[in-house]
Structure formats: structure tokens, C-alpha cells
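# Structural overview for review
Listed below are the residues making up each chain.
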Amino acid sequence: DFSGWEVVEGNATVADGSFTMPEENVTLQGSFTKIRKATAVVHYVDEDGNTLQDDTVSDEIRVGNAYDVSEAEDVNEITANGKKYEFVSDGDAEYEGTMPENGVVITRVYKLKTYKVNYEYTGEVPAGAPEASSFNQSGVEAGESVDVADEPSVEGYDFSGWKVVEGDAAVADG
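The present account deals with the structure reproduced in this document. This is a predicted model, so every value here is computed, not measured.

Calculation notes
- As a convention, each chain's residues are numbered from 1 in the sequence order in which they are written.
- Selection of residues for local features in this predicted model requires a pLDDT of at least 70, selection of side-chain atom pairs for listing and counting requires 80 or more, and totals for whole chains, interfaces and linings are taken over all residues.
- Computation of side-chain values: all heavy atoms of the structure, hydrogens and water removed.
- Every helix listed is a DSSP run of H or I at least four residues long, and every strand listed is a run of E at least two residues long, numbered separately from the N terminus.
- For a compact globule the rule gives 2.2 Å times the number of residues to the power 0.38, and the radius of gyration it is set against comes from C-alpha atoms.
- Summary of the burial criterion: residues with accessible area below 20% of their type's maximum are buried, those above 50% are exposed, and those between are partly exposed, where the area comes from a 1.4 Å probe applied to protein chains only.
- Contact criterion: two residues are considered in contact whenever any of their non-hydrogen atoms come within 4.5 Å of each other.
- Here the Shrake-Rupley method, with its probe set to 1.4 Å, supplies the accessible areas, and only the displayed protein chains count as covering residues.
- Only four residue types enter the charge count, namely Lys and Arg as positive and Asp and Glu as negative; His and the chain termini do not.
- By convention, the charge on Lys lies at NZ, on Arg at CZ, on Asp at CG and on Glu at CD.
- Candidates for patches are residues over 30% relative accessible area with no salt bridge; among them, like charges are joined within 9 Å and nonpolar side chains (Val, Leu, Ile, Met, Phe, Trp, Tyr) within 5 Å.
- What counts as a salt bridge is simple: a side-chain nitrogen of Lys or Arg found within 4 Å of a carboxyl oxygen of Asp or Glu.
- DSSP-based pairing: two strands are paired if at least 2 bridges between them are found.
- Angles shown run from 0 to 180 degrees and are taken between the N-to-C directions of axes, each axis being a line fitted to C-alpha atoms and, for helices, limited to the stretch in contact.
- Buried residues of nine kinds, namely Ala, Val, Leu, Ile, Met, Phe, Trp, Tyr and Cys, make up a nonpolar core once their side-chain atoms join them within 4.5 Å.

### As for the overall build of the protein chain
- Within the protein chain, the secondary structure is distributed over 0 helices and 13 strands.
- Taken from the N to the C terminus, the helices and strands of the protein chain come in the order β-β-β-β-β-β-β-β-β-β-β-β-β.
- Relative to the 2.2 N^0.38 estimate, which gives 16 Å for 174 residues, the radius of gyration of the protein chain is 34 Å and therefore markedly larger than a compact globule would have.
- For the protein chain, the C-alpha atoms occupy an extent of roughly 120 × 30 × 20 Å along the three principal directions.
- Relative to its full complement of 174 residues, the protein chain shows a buried share of 21%.
- A separation threshold of at least 6 residues defines the contact pool for the protein chain, and within that pool the share at least 24 residues apart is 53%.
- Carbon together with sulfur atoms contributes 41% to the accessible area of the protein chain, which is approximately 12,700 Å² in total.
- Distance from the positive charge centre (11 side chains) to the negative charge centre (37 side chains) of the protein chain: 2 Å.

### Quick notes on unusual backbone geometry
- A positive phi angle, close to 55°, is found at Asp-16, a residue other than glycine.
- With respect to the helices and strands, the residue Asp-16 is situated in the loop between β1 (6-9) and β2 (27-29).
- With a phi angle near 55°, Asp-92 is a residue other than glycine that sits in the positive phi range.
- Its location among the elements puts Asp-92 in the loop between β9 (83-89) and β10 (96-98).

### Some words on a nonpolar patch on the surface
- Together, Phe-2, Trp-5, Val-14, Leu-28 and Phe-32 line one region of the surface with nonpolar side chains, adding up to about 540 Å² of accessible area.
- Tracing the sequence through the fold places Phe-2 in the segment before β1.

### Section: the sheet that holds strand β11 (residues 104-112)
- The strand order across the open sheet formed by 5 strands is β5-β4-β11-β9-β8, and the pairing between neighbours is mixed. Strands at the two margins of the open sheet, each flanked by one partner only, are β5 (51-57) and β8 (77-80). On average, each strand axis in the sheet is tilted by 30° relative to the strand beside it, whichever way the strands run.
- In terms of strand pairing, strand β4 (residues 40-46) meets β5 through 4 bridges, oriented antiparallel. Within β5, the position partnered with Val-45 by the bridge is Thr-51.

### Focus on the nonpolar core
- Among the nonpolar cores identified, the biggest contains 19 residues, and Tyr-44, Ile-78, Met-99 and Tyr-110 are the most heavily contacted of them.
- Elements that contribute at least two residues to this core include exactly β4, β8 and β11.
- Residues Tyr-119, Ala-132, Ala-149 and Trp-162 belong to the second largest nonpolar core, which totals 5 residues.

### Quick look at a negative patch on the surface
- Where like charges cluster on the molecular surface, the negative patch consists of Asp-68, Glu-71, Glu-73, Asp-74 and Glu-96.
- With respect to the element layout, Asp-68 can be found in strand β7 (residues 66-68).

### Here we look at the side chain of Thr-56
- Mapped onto the secondary structure, Thr-56 falls in strand β5.
- Judged by relative accessible area, Thr-56 falls into the buried class, the value being 18%.
- In this view, Thr-56 contacts Ala-40, Val-41, Val-42, Tyr-44 and Glu-71; residues no more than four positions away in its chain are not counted.

### A short note on the pairing of β11
- As defined by bridge partners, β4 adjoins β11 across 7 bridges and the pair is classed as parallel. Of the residues in β11, the one forming a bridge with Asp-46 is Tyr-110.
- In terms of strand pairing, β9 meets β11 through 4 bridges, oriented antiparallel. Across the sheet, residue Glu-86 finds its bridge partner in β11, namely Lys-111.

Have a look at this one:
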């Protein structure tokens, strides 16, 4: 930026970009100020800090001007390395605001998306049968092989077996 001209010698006053020349020399002085610019960067990482996708980086924005990387707030699920991750935290980041001197860095953290296998009985449940929920499994990734719980044993009863009642899965070998 140019600071503008200032009279430093001579009897002249600059008004509206001009002055009337006096009967003496006039010296005008001006200076430049470096234009400060910075960027807003959004990182997408897993809980271990590994990069899941390319950063979102704003254009260089003049310090003091508005920045906006709010489109990054819409990235709530990422598929990386054949696995799905879901958004966990961004530390209450500000996706819009006034560009500070040192720029803006936002880190969006994602966790591996996992699922739960729930077990439940139908019909009459005999006394002494273990709680069906005791067989539940959590933290199962899509595509992972799941061993179905052993059939519970209750004296005087036959167990008809486990079957899928919710979800898109098929039980093989039991």
C-alpha cells in the first residue's frame, strides 16, 4: 500500500490531490507498507492425526478482511483407504471471520465409523437363559467378519438359532 504524499518541505497544503505552488521549493514524501496476507487452512485427520483427505485452503486474503471456509463444515463423513470416518470434533473452530495476522488453521478430527451387533430373544425366554445383550459386540467395522455368538444352552430347551432381523447381513455357518 502507498501511504500517500505528505509535504515535508515548503509552504504548501495538499487538498483533493493537488496544491498551489508557492514561491519556494516543495518536497513531498511518501512510503509503502507491505500488504499482509494470510490463508485459512482446514485439515482433515483421524484421531491419530493421519491425513484423511486434502486440506481446504483459502486464497490469500488480506489481513483484516473477511475469510470464509464454511464449506468445510459440511464434510461430516470421509471415505479414506476404503474405510468410512465420521466427524468428531473441530475444537469450536471459526469457519468465518476476520483474517488474523498469522492466518487460520482448523483441524477437523474424524473417527473410524463402526457399528454394533445386538442380540435379542423372541418368544418365551426360559429361566436361566443368559441375557441376550451379553452377546452384543461393538466397534465392528463395515466389511469385517463377525463371529456369531455361540447358541445359549438351557436345560430342557432347544435354541432355534440366531437370525438377522435388522441390517443388511446374512449369517453363514450357523
